[in-house]
Amino acid sequence: MKTVLFVILTAAITNNYVLVKFLGICPFLGVSKKLDQATGMSIAVIFVEVLATAVTWPIYHLLLAGKVDFTYMETVVFILVIAALVQLVEIVLKRYIPSLHKALGVYLPLITTNCGVLGVTMNNISDGLNYGDSLLTALGCGLGFFMAMVIFSGVRSRVEDAEPPKSFEGLPITLVSASIVSLSFFGFSGVLDRLFGG
Amino acid sequence: MTKLQNLLKGLIKENPVLVLVLGTCPTLAISTSVTAAFGMGIAATVVLILSNMAISALRKVIPDTVRIPCYITVIAGFVTIVELVMEAYTYELYQSLGVYLALIVVNCIILGRAEMYANKHGVVDSAIDGLGMGLGFTLALCAMATIREILGAGTFCGMPIPWFNDNPIGILTMAPGGFFVFGCMIALVNKITKGKAITKKEFGCAACPGCGKVGSCSGKEEAAK
């Protein structure tokens, strides 16, 4: 239990994909304007990240790194698998769970090429994690994305009301506030090691 | 538009990073050292030129409905080639770029240019466009890396610089510094162009054509629901 929590929290907080590792910045800046959109997008990301890891890990270890070494095909295979997977999920959801499709449908195609998803799957492989840890890390990364999105959409709604210097209006001030949010995540870096005895 | 204008527009007027705001992830992540930034820029430029040419040549063959997966396949192929070449000849750089090298596949700039330019123009024009955009990307990346490396680490391409070396602002090489410097650079571009470039430009999902719903995407998605 302790290690499970540690893996998830490390992925979510100290190695936060958006604010520490800079993966998935496009949706972070693009969809974080309203809270409901931010939540919808993040839930879709959690879903796809876990699913993508669940599929790509066996593909890599059973097919690509099998008797004949095809590991150099990692990039091509992973991105195609993720794209196909997202499409498949969308079709299945539309057919069988329309209510969920209505909530997530808009966001699903958006994350096919989210670098967060590809990044998680490839990092899990290069870090040499086992299947369980990979899934937990993917879950943690998704939760970290969710947290960053929700926090940032709150910050952003306040920034919208402020009046920055003219040249800072719009994107620049958003980036500066993202920098401050990211700074706050650095405060966590020592906490986890202490909590779990490092 | 002449060929020269076509090349130069990517450098300044339509700079992919500072004006179109595409490919933010590698810009923020790789810009801590000038050497890595330069390597990343060149790798992305090569992929951009090759994929632009291939997609432009195939534009009449690829059916419209499945064009995004086709583009991704083409791009992923070229990225793999670049990856293998770099692993063989510039191993140190390959290691310092890490996963971001593979993530060129999902770099918004490359898919964006395929969607916005290469599938409407000829092979030669697309190659020039790719070269211009790639150099613009490299330029912006190097400019940002120069600021972050000199002020943050006190070095330039790994060589120590007097005075700055004794007073580094460490935070600039970390994640918050990345966001901050990027924000300031865009503000500077705004200031110089007197806001013509991007003031109040909506940074919606339209700016990230990777979403695969280019054109129909800019906020209209919610309205259509």
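Quick notes on the rules
Residues numbered from 1 in each chain as written. Chains lettered and ligands numbered in written order. Predicted model: local features only at pLDDT ≥ 70, side-chain atom pairs only at ≥ 80, totals over all residues. Helix = DSSP H or I, 4+ residues; strand = E, 2+ residues; numbered from the N terminus. Rg over C-alpha atoms; globule rule 2.2 N^0.38 Å. Buried ≥ 20, exposed ≤ 12 C-beta atoms within 10 Å, placed from the backbone. Core = buried A, V, L, I, M, F, W, Y, C linked by C-beta atoms within 7 Å. Contact = placed C-beta atoms within 7 Å. Axes fitted to C-alpha atoms, helices over the stretch in contact; angles between N-to-C directions. Parallel < 35°, antiparallel > 145°, perpendicular 65-115°, else oblique. pLDDT = per-residue confidence, 0-100. Expected span 1.5 Å × (residues − 1). Left-handed = near helix turned anticlockwise from the far one by under 90°. Nonpolar A, V, L, I, M, F, W, Y, C, P; charged D, E, K, R; others polar.

Peer 1: Looking at this model, I keep getting lost on the overall build of chain A. Mind explaining?
Peer 2: A count of helices and strands for chain A gives nine helices and zero strands. If you list the helices and strands of chain A from N to C, you get α-α-α-α-α-α-α-α-α. For 198 residues, the compact-globule formula gives about 16 Å, and the C-alpha radius of gyration of chain A, at 18 Å, lands near that figure. Along the first, second and third principal axes, the C-alpha atoms of chain A reach 60 × 45 × 30 Å. The 198 residues of chain A split such that 46% are buried.

Peer 1: How should the overall build of chain B be read in this particular structure?
Peer 2: Across its full length, chain B carries ten helices and two strands. If you list the helices and strands of chain B from N to C, you get α-α-α-α-α-α-α-α-β-β-α-α.

Peer 1: Even after reading the chapter, I still don't get the nonpolar core, so can you show me in this structure?
Peer 2: General note: in soluble globular proteins, nonpolar side chains tend to be found buried as a group. Residues Leu118 of chain A together with Val47, Ile75, Ile104 and Val105 of chain B are the most contacted members of the largest nonpolar core, which totals 116 residues. When neighbours within four sequence positions are excluded, isoleucine 75 of chain B is seen to be in contact with Val47, Ser51, Val105, Ile110 and Leu111 of chain B.

Peer 1: Explanation requested: the packing of helix 8 (residues 171-186) of chain A against helix 9 (residues 175-192) of chain B in the structure shown.
Peer 2: A pair of packed helices is captured by two measures, namely the crossing angle of their axes and the spacing between those axes. Following both chains from N to C, one finds helix 8 of chain A and helix 9 of chain B inclined at 170°, their axes separated by 8 Å at the closest point. With respect to helix 9 of chain B, the axis of helix 8 of chain A lies roughly antiparallel. Every residue of helix 9 of chain B that contacts helix 8 of chain A at Leu171, Pro172, Leu175, Val176, Ala178, Ser179, Ser182 and Leu183 of chain A is listed here: Ala175, Pro176, Phe179, Phe180, Phe182, Gly183, Ile186, Ala187 and Asn190 of chain B.

Peer 1: Honestly, the environment of leucine 108 of chain A in this entry has me stumped. Any pointers?
Peer 2: Here leucine 108 of chain A is to be found in the loop between helix 5 (98-104) and helix 6 (115-126). Aside from chain neighbours lying at most four places away, what touches leucine 108 of chain A is Ala44, Val86, Val89 and Glu90 of chain A.

Peer 1: Is there a simple way to think about the interface of chain A and chain B in this case?
Peer 2: Think of interface size as the accessible area that goes away when the parts come together; that is how it is often given. At the junction of the two partners, chain A supplies 39 residues and chain B supplies 48 residues. For the side of chain A that touches chain B, the secondary-structure elements that each account for two or more residues are helix 2 (25-30), helix 4 (74-96), helix 6 and helix 8 of chain A. With eight residues, the top contributor of residues to the side of chain A that touches chain B is helix 8 of chain A.

Peer 1: Is there a simple way to think about the confidence of the model for chain B in this case?
Peer 2: Do not read the fine detail of predicted coordinates wherever pLDDT is low. Residues and elements named next belong to chain B. Confidence in the prediction of chain B, expressed as mean pLDDT, is 81, and 86% of residues score 70 or more. Here helix 10 (residues 220-224) stands out as the least confident element of chain B, with mean pLDDT 32; helix 3 (residues 34-57) is the most confident, with 93. Note that pLDDT drops below 50 for residues 199-225; the model gives that stretch 48 contacts with residues more than four away or on any other chain. On the interface metric, ipTM, the complex scores 0.83, and its pTM is 0.84.

Peer 1: Mind showing me how you'd approach helix 3 of chain B here?
Peer 2: Every α-helix winds through 3.6 residues per turn, so residues three or four apart in the chain are directed the same way. With 24 residues, helix 3 of chain B extends 34 Å between its outermost C-alpha atoms, agreeing within 8% with the 34 Å of an ideal straight helix rising 1.5 Å per residue. Of all 24 residues in helix 3 of chain B, 18 are buried; the element is thus mostly enclosed.

Peer 1: Help me out: how do you make sense of the packing of helix 3 of chain B against helix 8 (residues 123-153) of chain B in this one?
Peer 2: All names here are of chain B. In contact at an axis separation of 8 Å, helix 3 and helix 8 are set at 165° when each is read in the N-to-C sense. Compared by their axis directions, helix 3 and helix 8 come out roughly antiparallel. Every pair of crossing elements has a handedness; the one defined by helix 3 and helix 8 is right-handed. Taken together, the residues of the contact of helix 3 with helix 8 break down into 19 nonpolar, nine polar and two charged.

Peer 1: What is the right way to look at unusual backbone geometry in this model?
Peer 2: Trans peptide bonds make up most of the peptide bonds, and negative phi angles are found at most residues other than glycine. Phi at phenylalanine 22 of chain A is positive, roughly 55°, even though this residue is not glycine. On the secondary structure map, phenylalanine 22 of chain A appears in the loop between helix 1 (2-14) and helix 2. Looking at phenylalanine 22 of chain A, the number of C-beta atoms within 10 Å reads 26, which means it is buried. Not every positive phi belongs to a glycine, and tryptophan 163 of chain B is a case in point at roughly 70°. For tryptophan 163 of chain B, a count of 7 C-beta atoms within 10 Å corresponds to the exposed category.

Peer 1: Looking at this structure, how should I read the confidence of the model for chain A?
Peer 2: Taken as a whole, chain A shows an average pLDDT of 84; of its residues, 99% reach a score of 70 or greater. Least confident of the elements in chain A is helix 9 (residues 189-195) of chain A, whose mean pLDDT is 74; most confident is helix 7 (residues 131-161) of chain A, at 90.

Peer 1: Just checking my understanding: could you explain the environment of serine 182 of chain A for this structure?
Peer 2: With respect to the helices and strands, serine 182 of chain A occurs in helix 8. Here serine 182 of chain A falls in the buried class, since 24 other C-beta atoms lie within 10 Å of it. For the pair serine 182 of chain A and phenylalanine 152 of chain A, spaced 30 residues apart in sequence, the C-alpha to C-alpha distance is 9.6 Å. If near-sequence neighbours (up to four positions away) are discounted, serine 182 of chain A is found in contact with Leu19 of chain A together with Ala175, Pro176 and Phe179 of chain B.

Peer 1: Explanation requested: the environment of valine 34 of chain B in the structure shown.
Peer 2: All names here are of chain B. Counting through the fold element by element, valine 34 comes out in helix 3. Residues valine 34 and phenylalanine 180, spaced 146 residues apart in sequence, show a C-alpha to C-alpha distance of 18 Å. Those residues in contact with valine 34 that sit more than four places away from it in its chain are Cys142, Ala145, Thr146, Glu149, Phe156 and Cys157.

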